[in-house]
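# Report on the structure
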Amino acid sequence: MSRGGGKGPSLKDKLDGNELDLSLCDLNEVPVRELAALPKATILDLSCNNLISLPSDFCSLLHLVKLDLSKNRLQQLPLDFGRLVNLQHLDLLNNRLVTLPVSFAQLKNLKWLDLKDNPLDPVLAKVAGDCLDEKQCKQAAVKVLQHMKAIQSEQDRQRQRKLQAEREMEKKREAEQRAKEAQEREVRKREKAEEKERRRREYDAQKAAKQEMEKKTKKETVQTRKPASGSRPPQPPRHKHSWSRSVLRVLLFVLLCILCTLAACKLTELQRQPLCVSVNTLYEDVLAALQNHKTLQNMLQQNSQQ
């Protein structure tokens, strides 16, 4: 077995029943793999070596019942040292320990403990006592376990409070997030409503402008038509007057033609012509009719006077 690693074929030779003595071997590290291969070695003596720390896999040696680590240079124990649940006797005399891992409280079978000659925390040193005899060392085991259990409970409570605070903080963040999302939804909803209202007003304005434009166009069209419609009323009288004049002119022309024809038929040599004969005859008939009409009128007038 070498000094540096404690490895060698002579490890089994040091096993005496269930006790393995590796003290005074000038060890710098613990041969955990070889020790794990010797489950019968329930008593392990590693005192008077140069151990500064224990490897984390040392806590896998669950078969250990009695462990002597006195007179080394251990500054701390592994955090999961409490895994050695079968440990009943632990000697840590004359090391450099200041405190113990919280998992130490799990060593429920621990019956004997020596922590003398360590630069312990004052509170832990007071709890551990002097361990000058068997009774004091047993009391040290009980008191240290109680103390470490109290520390573990307090740490568990702190952990629970921390977890509770984290959960409450998480709930608060979630509530704030929900409130923020609700506010954002409300803002988006309001913006959407405002946008809809704006578009509706624009639509109404465009519609009103269109109607106003149509009304204006219609009004301009009506105003454009008014002069024509205003000039037309006088036109019918003018048309009627022109028509009357035209008729009168035609009648005058016809009358003039008749007079000319009659004069020609009476005063010229054309009176013997058939046309003039007819005209003269018609003239005489018209005169006779007029005379008869005048005579009848006079008679009616006289009768009315009577």
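In short, a report on the structure. (Residues numbered from 1 in each chain as written. Predicted model: local features only at pLDDT ≥ 70, side-chain atom pairs only at ≥ 80, totals over all residues. Heavy atoms only, no water.)

The next thing to look at is the overall build of the protein chain. When you go through the protein chain residue by residue, the secondary structure sums to 5 helices and 6 strands. Taken from N to C terminus, the helices and strands of the protein chain fall in the order β-β-α-β-β-β-β-α-α-α-α. For the protein chain, buried positions account for 24% of its 306 residues. Within the protein chain, contacts between residues at least 6 apart in sequence are counted, and of these 35% link residues at least 24 apart. (Helix = DSSP H or I, 4+ residues; strand = E, 2+ residues; numbered from the N terminus. Buried < 20%, exposed > 50% of the residue type's maximum accessible area, 1.4 Å probe, protein only. Contact = heavy atoms within 4.5 Å.)

Applying the stated criterion across every chain yields a total of 1 aromatic pair. Relative to Phe104, the ring of Phe81 has its centre 6.1 Å away and its plane inclined at 5 degrees; by these criteria the two rings are stacked. Within this pair, whereas Phe81 is found in the loop between β4 (66-68) and β5 (89-91), its partner Phe104 is found in the loop between β5 and β6 (112-114), the two being separated by 23 residues in sequence. Take Phe81: its relative accessible area is 0%, and that puts it in the buried class. (Phe/Tyr/Trp six-rings, centres within 6.5 Å; stacked < 30°, edge-to-face > 60°.)

As a further point, take the layout of surface pockets. Quantified by volume, the largest pocket comes out at close to 160 Å³. Along its surface, the largest pocket is lined by Leu255, Ile258, Leu259, Thr261, Leu262, Val279, Leu282, Tyr283 and Val286. If you list the elements that add at least two residues to the lining of the largest pocket, you get α4 (235-267) and α5 (274-305). Broken down by class, the residue content of the lining of the largest pocket amounts to 8 nonpolar, 1 polar and no charged. (1 Å grid on protein atoms, 1.4 Å probe; cavity = no way out; pocket = protein on both sides within 12 Å on 5 of 7 lines; lining within 4 Å. Points joined across faces, edges and corners; volume = space filled by probe spheres on them. Nonpolar A, V, L, I, M, F, W, Y, C, P; charged D, E, K, R; others polar.)

A word on the state of the cysteines. Taken as a whole and judged by the stated rule, the model has 1 disulfide. Note that Cys131 is cross-linked by a disulfide to Cys137, the S-S spacing being 1.7 Å. The S-S bond linking Cys131 to Cys137 shows a torsion near 105 degrees; that makes this disulfide right-handed. In terms of burial, Cys131 and Cys137 fall into one category: buried. (Disulfide = S-S within 2.5 Å.)

A separate point is empty space enclosed by the protein. Here the structure, examined in full by the defined rule, presents 1 cavity of 30 Å³ or more. In this structure, the largest cavity occupies an estimated 30 Å³ of space. Lining the largest cavity, in full, are Leu113, Asp114, Leu115, Lys116, Ala128, Gly129, Asp130, Cys131, Ala140 and Val144. Those elements that provide at least two residues to the lining of the largest cavity are β6 and α3 (134-231). When its residues are assigned to classes, the lining of the largest cavity shows 6 nonpolar, 1 polar and 3 charged.

Time to look at the environment of His147. Structurally, the position occupied by His147 is in helix α3. Each C-alpha atom, one on His147 and one on Leu124, is 7.9 Å from the other, the two residues being 23 residues apart in sequence.

What follows concerns the nonpolar core. Counting 41 residues, the largest nonpolar core has Leu46, Phe58, Leu67, Phe81, Leu100 and Phe104 as the members making the most contacts within it. If you list the elements that add at least two residues to this core, you get α1 (32-36), α2 (122-128) and α3. (Core = buried A, V, L, I, M, F, W, Y, C linked by side-chain atoms within 4.5 Å.)

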